[in-house]
Amino acid sequence: MPLAPTTASPALVRRREALHARLATPALFAAGEAPSRNYPANRYRFRAASHFSYFVGRALPASLLLFIDGRTELFTHPPDPDDALWHGPRPELECVAEELQLDRVRPLVELDAALAPYRGSVATLPTQDAATQELVSRCLGREVRAGTGAALASPLDAALADAMIALRLVHDDAALAQMRFAAAVSAEAHVAGISATKPGKTELSTLAAMLSVLRGAGLEDAYGPIVTTHGEVLHSDRYDHDLRAGDLLLADVGGETPEGWAADITRTWPVSGRYSATQRAIYDVVLAAQHAALAVCKPGGRYRAVHDAAKRAIVEGLVLLGVFRGEVDGLLERGAAALFFPHGIGHLLGLDVHDMEDLGDRAGYAPGRTRSALFGDGYLRLDRDLAPGMCVTIEPGFYQVPGILDDPRRTESLGEDLRRDVLARFSDVRGIRIEDDVLITSDGHEILSAGVPKDPAGIEQLMAAS
Ligand code: GLY
Ligand code: MN
Ligand code: MN
């Protein structure tokens, strides 16, 4: 497997120019620092903040990028012999400026003085760690909080957030090259996970097979991997179950490139290699819901309509299986879909797996649109009209969550039309999710994660061959 492409500097320059064209004030972006684990020198892996990465393309810790008067300047630690002893030599600042086509690269100690004449007029975005929060607050002379999300402290910052959203919502070719690579490798990891699964093995053994493919191609996890026979726990972070023949295994695993561009893929497969009749019946309902959602994935399609299409297909399928009794419109109005599909159909994908969620719903919701107050719909993270170049996930699911199905507040509107006797026949289905990464194109969409099968026959064939 080749390594991830590197974004060429001219593409980074075009992004910086696009931001300059939208800026009325100076703007400062912090890369952040890796927090220490148990003592200062032992740190967590460094991941640069996504807004910084978007313009710099390299993970440079403790660095800040300043947009000012049409120039772009980077402030960072100069190379230092003590650091070189432990971590290897780093290029001189002039070389960094030349390679990344920056107007200037300056020692970090100069940042304070450089900002002094502009205090009060420099926009920034929430930092991702406390040390950087302190540094940026000091340099800007105002409190900048870490992870403040939608509640941006000043109108300056809100305007910068809106400019970043406008840029990052639609991906350029360099971003798409990164995301295609992340999706292709992550799909290959799923193929490895499917092939490695056997009764008597463990969730951990499948996880290890998947991570081996990601790491081998230089990808880190884009989020905490989910590999579980308890798919009803939507974001399960346990890997301590053995794999038994009757289980379904749900894997939601995606990598990110060294520049931070993410993939987010879920498949659900039978440990035995063959779906039982009941597992297959529900799997087909979820797959139909994904196809129904994908049909709306085209320019001008509204993401809420994508979500609604999936909900309708889930309820239609469950009516056909006898789990619900009644007519689909009425069942939908009574909240039937959220009983088994309690989350949104997906989210933006880019440098963050839930792209720009650090800015709260400002990124995911078009102006004038807000989250629903209804259970299930309220977890929809995106409600924008789709446009070419946007990338979203499409991830319908079916889950039997005891905390929902045993809660009369959730089920009373369905009464006897939720046929628990029929549902009991599907007890070998705890959770199924099928998730793909979808690029909106000028005439429809392209599935970036198509490298791993999702049709049941394709998955069974893969398992039979391994
Ligand atoms: N992997 C997290 C999600 O699908 O949203
Ligand atoms: Mn997702
Ligand atoms: Mn996922």
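Predicted model only: the values in this text are computed from it and were never measured. (Residues numbered from 1 in each chain as written. Chains lettered and ligands numbered in written order. Predicted model: local features only at pLDDT ≥ 70, side-chain atom pairs only at ≥ 80, totals over all residues. Heavy atoms only, no water.)

**Section: the pairing of strand 12 (residues 265-270)**
Move 1: With 6 of 6 residues buried, strand 12 is to be regarded as a mostly interior element.
Move 2: Of the two faces of strand 12, the one lined by I265, R267 and W269 and the one lined by T266, T268 and P270 are each fully buried.
Move 3: Looking at chain direction, strand 10 (residues 248-253) and strand 12 are connected through 6 bridges and run antiparallel. Of the residues in strand 12, the one forming a bridge with D252 is T266. (Buried < 20%, exposed > 50% of the residue type's maximum accessible area, 1.4 Å probe, protein only. Helix = DSSP H or I, 4+ residues; strand = E, 2+ residues; numbered from the N terminus. Pairing = 2+ DSSP bridges.)

**Side note on the coordination of the manganese ion (ligand 3)**
Move 1: For the manganese ion (ligand 3), the protein coordination sphere consists of D252 (OD), D252 (OD), D264 (OD) and E435 (OE), at 2.1 to 2.4 Å.
Move 2: Mapping the donors of the manganese ion (ligand 3) onto the primary sequence yields the spacing D-x11-D-x170-E.
Move 3: In this structure, the manganese ion (ligand 3) is positioned 3.3 Å from the manganese ion (ligand 2), and both are ligated by D264. One end of the pair, D252, is in strand 10; the other, D264, is in the loop between strand 11 (255-256) and strand 12, and 12 residues separate them in sequence. Here D252 and D264 have matching classes, each one buried. (Donors = N, O, S within 2.8 Å, 3.2 Å for Na, K, Ca; no water.)

**Structural notes on the site of ligand 1**
Move 1: Around ligand 1, the neighbouring residues are Y223, H235, D252, D264, H347, H354, E395 and E435.
Move 2: In this structure, an oxygen atom belonging to ligand 1 sits 3.2 Å away from a side-chain N or O atom of H347.
Move 3: Within the side chain of E395, one N or O atom sits 3.0 Å away from an oxygen atom of ligand 1.
Move 4: The protein chains hide 93% of the 200 Å² of surface that ligand 1 would expose on its own.
Move 5: Grouping the amino acids of the shell around ligand 1 by side-chain chemistry returns 1 nonpolar, 3 polar and 4 charged. (Near = heavy atom within 4 Å. Polar contact = N/O pair within 3.5 Å; in protein donor to acceptor, adjacent residues only side chain to side chain. Areas by Shrake-Rupley, 256 points an atom, 1.4 Å probe, with all protein chains shown as cover. Nonpolar A, V, L, I, M, F, W, Y, C, P; charged D, E, K, R; others polar.)

**Brief notes about the coordination of the manganese ion (ligand 2)**
Note on metal sites: the ideal angle is 109.5 degrees for four tetrahedral donors, and 90 or 180 degrees for six octahedral donors.
Move 1: Coordination of the manganese ion (ligand 2) by the protein involves D264 (OD), H347 (NE2), E395 (OE) and E435 (OE), with metal-donor separations of 2.0 to 2.2 Å.
Move 2: Here the manganese ion (ligand 2) is ringed by 6 donor atoms whose angles at the metal span 48 to 155°, and the overall shape comes out irregular.
Move 3: Here the donor residues for the manganese ion (ligand 2) map to a single chain with the spacing D-x82-H-x47-E-x39-E. (Tetrahedral: all angles 85-135°; square planar, octahedral: opposite > 155°, others 65-115°.)

**Points about the environment of V13**
Move 1: Turning to its location among the elements, V13 is positioned in helix 1 (residues 9-22).
Move 2: Sequence separation between V13 and L100 is 87 residues, and the spatial gap between their C-alpha atoms is 8.3 Å.

**Regarding the domain arrangement of the chain**
Move 1: One can read the domain layout of the chain as domain 1 (9-168) and domain 2 (173-465).
Move 2: The C-alpha-based centres of domain 1 and domain 2 are spaced at 34 Å.
Move 3: At the boundary of domain 1 and domain 2, one finds 6 salt bridges.
Move 4: The residue R45 makes a salt bridge to E220 at a minimum N-O spacing of 3.5 Å.
Move 5: The interface formed by domain 1 and domain 2 contains 9 residue pairs in polar contact (both at pLDDT 80 or more). (Domains from an automatic or database assignment. Salt bridge = Lys/Arg side-chain N within 4 Å of Asp/Glu carboxyl O.)

**Focus: helix 4 (residues 93-100)**
Move 1: All of the buried residues in helix 4 are L93, V96, A97 and L100. Taken down its axis, helix 4 places every buried residue within 100° of arc, on the same side. Helix 4 presents E94 and E98 as exposed residues on the side facing more than 90 degrees away from its buried surface.
Move 2: Of the surrounding elements, those touching the buried residues of helix 4 are helix 1, helix 2 (50-56), strand 5 (71-76) and strand 6 (104-107).
Move 3: Just downstream of helix 4 lies Q101, where phi reads positive at about 50°. (Arc of directions from axis to C-beta. Contact = heavy atoms within 4.5 Å.)

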